[in-house]
Structures are given as structure tokens and as C-alpha cells.
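Fold and contact review
Take a look at the letters that make up each chain.
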Amino acid sequence: MKRLVRNGTVITGTMRASAMAVEDGAVVALGDDALDWASGWDEVIDLQGGVAIPGFRDGHAHPLSGGMDAVMLSLGGLRSIEEIQSAVRGWAAEHPEQPWIEARGYDPSLLPHGVGDASVLDAAVLDRPVALHSSDHHMMWVNSAALRAAGITAETPEPELGTIVRHGDGSPVGTLLEWDAVALVGRHLPVLDLETRLAGLRAGMAALASHGIVWVQDASVDADTLSVYLAAARAGLLTCRVNLAWRAEPRTWERQRTEFVAARASLREDPATVGRLTGNTVKFFADGVIEGGTGFLLEPYDDAPGCCGLPNWTAGALAEAVRAFDTDGFQIHIHAIGDGGVRMALDAIESAVRHNGTRDRRPVIAHTQLVDPADRARFAELGVIANFEPLWACLDNSMLALTMPRLGPRRSALQYPIASIAALGAPISFGSDWPVSSVSPLQGLAVAVTRQNAQGAPESGWLPEERVPIAQALAAYTAGTAYQAFDHRAGTLAVGAAADFCVLEKDITTMSGREIADVGVVQTYLGGERAGPGDSGD
């Protein structure tokens, strides 16, 4: 198919053009050359005065989980405990057949110190277990019936990789922190069938397309998740290119090695996945999250003397596992939030480089929230991609109510050092961590260039020295994530590049403020073909 994109502006990533010609999924000409390139066109894409830019590429997200918010009870956007209670109570009344009430996305900053009491949910639903996943997916808030169903009492031993928040007498409060604790309840939740999860992934794909996203790193998958993606690929439902990151577990990673190698091979051999689905990455969780007190810090939390958080691995075990998967040819992708977690991740990658030799490995440290100044230059030295979720780099409710009181002023001023790490020469990529936060790249870009929250505060930006210009921020969400994906044909609209692009209502490259967040995505194209419905309403 020969397509002409015209009547607007095409921003390639390095230049501006008046038109773009596309054939067989690739850019073949720009500007006047595009207008003259063919005598006839199978389709003319009229920009109607809008702007075509390289499609956004999300370097860290969870599309299946995000899509499930459309088919389950979602608590995202609720602004009080009473609203949460009302939503849970209403869902339970509308679904009397469900043995459990499960919901996603509550904001921990609404709760005292981020901790929810079972009695508060008992007031909404008493006769059935209730399990609510927090917006950051590192906590679970449950009612008394759920505690009983899971057998969690004062006598329940503390899990190895998690925390049961307790009263003074040892009885559970109703909040579970991190994987092992959450799993105490999670293993009792009803298993969702394939059709329900496919509906969730279909919704996830629609959301990505509506926000101009053409590639995504699904940052944590297992065998069950793979089955959903394979079914979607074979049914032609993947309207976005996806790379899967297999989640390595501290206790079972050695057994997982052969499983991950086989899964990667199965994707490469399946004709339905060509150009759409890969599985070239392994994901590690170095630590938890600072707002929950589980991010791993080099020094104790200000509000918890003697506690440095909860590392999921010992430093030696993480280094050993990273070396092993690096040997197997996987890209390494490490969730690291606290400065202790970041240092442990950098040490593990350095160990892999030292033991396995030099190669083009492009390891990723995701989130990169708190970085000790002594470690900042190591990103460039080791070739580590610093993946940031720019939307978090502002004074939102979670930052003000939970994170900053736990870090104190000195460490709070070291968070999300985007400009500093980029200035030292490290590759930068952007992501959303959706559904932890909004999937919208435009909202993230607005924060990256202003360091302001949704209310426009502070006027000069929070830690304004870490702001980045719009061109640099846009590159992190396009060319930066293309580099992360090892895709030399992506992230730009130069001649020869894949025709993966989105159309915006306005030219964001001329903007430098919060107005970037309000620009609409008109349409998304993958290989020159329409990828999904427009309308970027969140």
C-alpha cells in the first residue's frame, strides 16, 4: 500500500517536513520528494493541520493489568476513603454471585501512613472477602473476611519477602506489603479465565493506541500472561508492538532459566508474533516502593529508625542471577526505587559486564527514583539505560503525604535526577508504569519539562534543575525507548524507518509548559496502518 501523509507537519525526530510517503510499512520519502514520489496513492492521510510525530514507545508498563481495570472494579481517581467504601459496596450489591470482591488502584496516600484497616472495609462489605490492590501494586488492603479466608492471624509467621502490618498485639491490621505478604491472600482469589483476560488485553491495546503508543515493554510477565499474549497475537488483537519481560523470582530463578529460554524461542518461531511480540528481557525487582516503606535505602527511613526497607534479593544473589540471564542473552531490566536498590542493581550489572565481557546488552534500571550522587555517573560508565516514569517527578499526593516524610528533606531533594543522569551521558528512556499511573505520554512529558503537579505547582517546578527541554523529553519517549528495544528502524520518521507514528492536534515541540498534557492524540498508525481509535481521553 502506498500512503501519503500531508496537510500538516511531519516531525521526524531530527527535522520537519510538509509530507511523508509510506510504502510497505516504511517511510520512503519526505517533503516535496514525498509529494512527487508516486503518481497515485492507495490512501491519503489528511493531517488537517495537525502534526505527525514518531509514535510514543513506553519503556515500562503493564498493558494486561492496565486493561483489566476496564473489566474489573477500578478505584483509580477516587479521592476519599468514603468514595472507596461506596464503590466497593456498590460493586458487591451489583455482583452478588462473586465470592470475592477484588478491585484495583486505590491511592495509599488517602490512608493514614498508607495503611488501611480491615474494619474500614468491613463497614462496606462484611459477608464476603474484599481484596483491594493499591495503585502501585505493592500493597493489598483487605477486610476481615479476607484475613479469615487466608488464615492470617497474630500467629502467622512474617513472610520472607513481605510484611503483614500488625497491631501492637500482633494481630493483622488489614494491609499487606510486597509479594509474599500479598500472596497470602492472592492465592485464594478466583482465577480469571482466558476470555476475561483477553478482554482486558483488548482494552489495554485500545488504551495504548488512543494515546499514540506503538511499542511497549510489558515489564513483568509469567507463563499465564504469555498464554494471553499468544492468544491475542493469533487473533490479531495486538495493535501495538510488545516486548515481554519474564519475571525472575529470587527462590526459583535457576529453574526459570530454561523456561525463559524456551518461551523466548517459542515467540520467535510463532508466525503470529512476527513484528508484534517478542520476549527478550528478564525483569528483577530489587526492592519495593518508598511510599510503602519497602524501597531499599542506603540509610534508614526517617520515620522508621533502623529500617532500610525490603530488598527482594541479597546483593550476591541478584548479581549471580543477572550474570546467568545475561549469559543466556537476555536484556536485563531491574526495578530499583531506593538508593540501596539502585546501587545493588548497578553492582549486579557491573558484575555481569566483568564476568561475561563486553557486548551490546543495553541493561535497564527502571524508575531510578532515588540515586546516591556517587552512583549517577555509573549509568553512563556501564551503558545502563535509566528508565524514568516522568509523571512521578512532581509533588503529587503520594510524594507529599508518604514519600517525603519517609525520606526527609536531604534525600527528597535527590529524587528523579533525569537531567543530571542524562548530562553525564547515560541513555534515557521514558515509561508510564501504567496502571500504576496514567498511560498518557503527554502527561508525562508535561511533568518532565516543568516538574509541576497537575495543579501547576510549584510555579518554578520541583527541583527545577532536573527539568529537561521538550525535544529531549520527546526523544526519551521515542528514540530513547527505541534504543532500549534494540530497534534501529524505530523512534524516528527518517527515510527507511518504520512508519509507526501518531497524529497530534498541536505541535508540542513549540511548548514548554503544562499545556502539553492537554494536547489530543488524533490517531495512531503502526506500519502506516491505523492502529486503533483516536481520542486520548484518560
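Here's a quick rundown of the structure. Worth saying up front: this structure is predicted, and the values here are computed from it rather than measured.

Moving on, we come to the sheet that holds strand β6 (residues 43–46). In spatial order, the strands read β5-β4-β1-β6; together these 4 strands make up an open sheet with mixed pairing. With one partner strand each, in any of the chains shown, β5 (26–30) and β6 form the two edges of the open sheet. Looking at each pair of strands side by side, their axes are set apart by 25° on average, direction ignored. Direction of pairing for strand β4 (residues 20–23) relative to β5: antiparallel, over a ladder of 4 bridges. Looking at the pairing, E23 lines up with A26 of β5.

This part is about the packing of helix α9 (residues 253–269) against helix α10 (residues 315–327). Relative placement of two packed helices is described by the angle separating their axes and the distance separating the axes. It is at 11 Å that the axes of α9 and α10 come closest, and there the two elements cross at 15°. Considering the angle they form, α9 stands roughly parallel to α10. For the crossing formed where α9 meets α10, the hand is right-handed. Packed against α9, whose contacting residues are W253, E254, R257 and F260, the element α10 presents E320, A321, A324, F325 and T327 at the interface. Taken together, the residues that form the contact of α9 with α10 break down as 5 nonpolar, 1 polar and 3 charged.

The end-to-end C-alpha distance of helix α13 (residues 397–412), which contains 16 residues, comes to just 14 Å, noticeably less than the 22 Å that a straight helix rising 1.5 Å per residue would cover. Helix geometry: α13 is bent most strongly at M404, by close to 85°, with proline P405 lying one to four residues after it. At its buried positions, α13 is contacted by α11 (339–356).

On to the sheet that holds strand β17 (residues 277–285), then. Ordered in space as β8-β15-β16-β17-β18-β19-β20-β21, the 8 strands form an open sheet in which the pairing is parallel. Bordering the open sheet on either side are β8 (56–61) and β21 (428–430), each of which pairs with just one other strand. Each strand axis lies, on average, 25° off the axis of its neighbour in the sheet, ignoring direction. Note: strand β16 (residues 241–247) against β17, 5 bridges, orientation parallel. Considered in β17, the bridge of W246 is made with V282. Of the strands in this sheet, β18 (331–336) and β19 (364–367) are in contact with α11, which crosses β18 at around 165°.

Turning our eyes to something else, we now look at the environment of E259. As for its position among the elements, E259 is in helix α9. Look at E259 and you get partly exposed, because its relative accessible area is 41%. Expressed as a C-alpha distance, the spacing of E259 and D136, which sit 123 residues apart in the sequence, is 28 Å.

What the rule picks out here adds up to 23 salt bridges. Taking the shortest distance from any N to any O, the salt bridge between D507 and R16 comes out at 2.5 Å. Of the two residues, D507 is situated in the loop between β22 (501–504) and β23 (521–526) and R16 in strand β3 (residues 16–17); the sequence distance between them amounts to 491 residues. With relative accessibility at 48%, the residue R16 sits in the partly exposed group. Of the charged contacts in the structure, one is a salt bridge between E158 and R166, with a shortest N-O distance of 2.9 Å. Here the residues in one salt-bridge network are R343, D347, E350, D372, D375 and R378, joined through shared partners.

Moving on, we come to the packing of aromatic side chains. Any pair of aromatic rings gets described here by the distance separating the centres and the angle formed by the planes. In this structure the tally under the stated criterion is 12 aromatic pairs. Seen from their ring centres, F325 and F330 are 6.2 Å apart, and the 70° between their planes marks the pair as edge-to-face. As far as the burial class goes, F325 and F330 line up, both buried. Considering the side-chain rings of F501 and Y525, the 4.7 Å spacing of their centres and the 15° angle between planes classify their relative orientation as stacked. Taken together, the positions of F501 in strand β22 and Y525 in strand β23 put the pair 24 residues apart, joining distant regions of the chain. Residue F501 is classed as buried on the basis of its relative accessible area, which comes to 0%. With relative accessibility at 5%, the residue Y525 sits in the buried group. Taking the ring centre of F285 as reference, the NZ or CZ of K283 above it sits at 3.9 Å. Lying over the aromatic face of Y483, R362 brings its terminal NZ or CZ to 4.1 Å of the ring centre.

Let's shift gears to unusual backbone geometry. Put simply, W434 and P435 share a cis peptide bond, and its omega is 10°. Among the structural elements, P435 can be located in the loop between β21 and α15 (441–450). P458 follows A457 through a cis peptide bond whose omega is -10°. The phi dihedral of H137 is positive, around 60°, even though this residue is not glycine.

Okay, the nonpolar core next. The nonpolar side chains of a soluble globular protein tend to be buried with one another. Counting 106 residues, the largest nonpolar core has W246, F284, F379, F430 and L445 as the members making the most contacts within it. Counting residues per element, this core draws most heavily on α11, at 7 residues. The next biggest cluster of nonpolar side chains, apart from the first, holds 22 residues, and it includes L75, I101, L121 and V125.

Conventions adopted
- Residues numbered from 1 in each chain as written.
- Predicted model: local features only at pLDDT ≥ 70, side-chain atom pairs only at ≥ 80, totals over all residues.
- Heavy atoms only, no water.
- Pairing = 2+ DSSP bridges.
- Helix = DSSP H or I, 4+ residues; strand = E, 2+ residues; numbered from the N terminus.
- Axes fitted to C-alpha atoms, helices over the stretch in contact; angles between N-to-C directions.
- Parallel < 35°, antiparallel > 145°, perpendicular 65-115°, else oblique.
- Left-handed = near helix turned anticlockwise from the far one by under 90°.
- Contact = heavy atoms within 4.5 Å.
- Nonpolar A, V, L, I, M, F, W, Y, C, P; charged D, E, K, R; others polar.
- Expected span 1.5 Å × (residues − 1).
- Bend = angle between axes of the 7 residues up to and from the residue.
- Buried < 20%, exposed > 50% of the residue type's maximum accessible area, 1.4 Å probe, protein only.
- Salt bridge = Lys/Arg side-chain N within 4 Å of Asp/Glu carboxyl O.
- Phe/Tyr/Trp six-rings, centres within 6.5 Å; stacked < 30°, edge-to-face > 60°.
- Lys NZ or Arg CZ within 6 Å of the ring centre and 35° of its normal.
- Core = buried A, V, L, I, M, F, W, Y, C linked by side-chain atoms within 4.5 Å.

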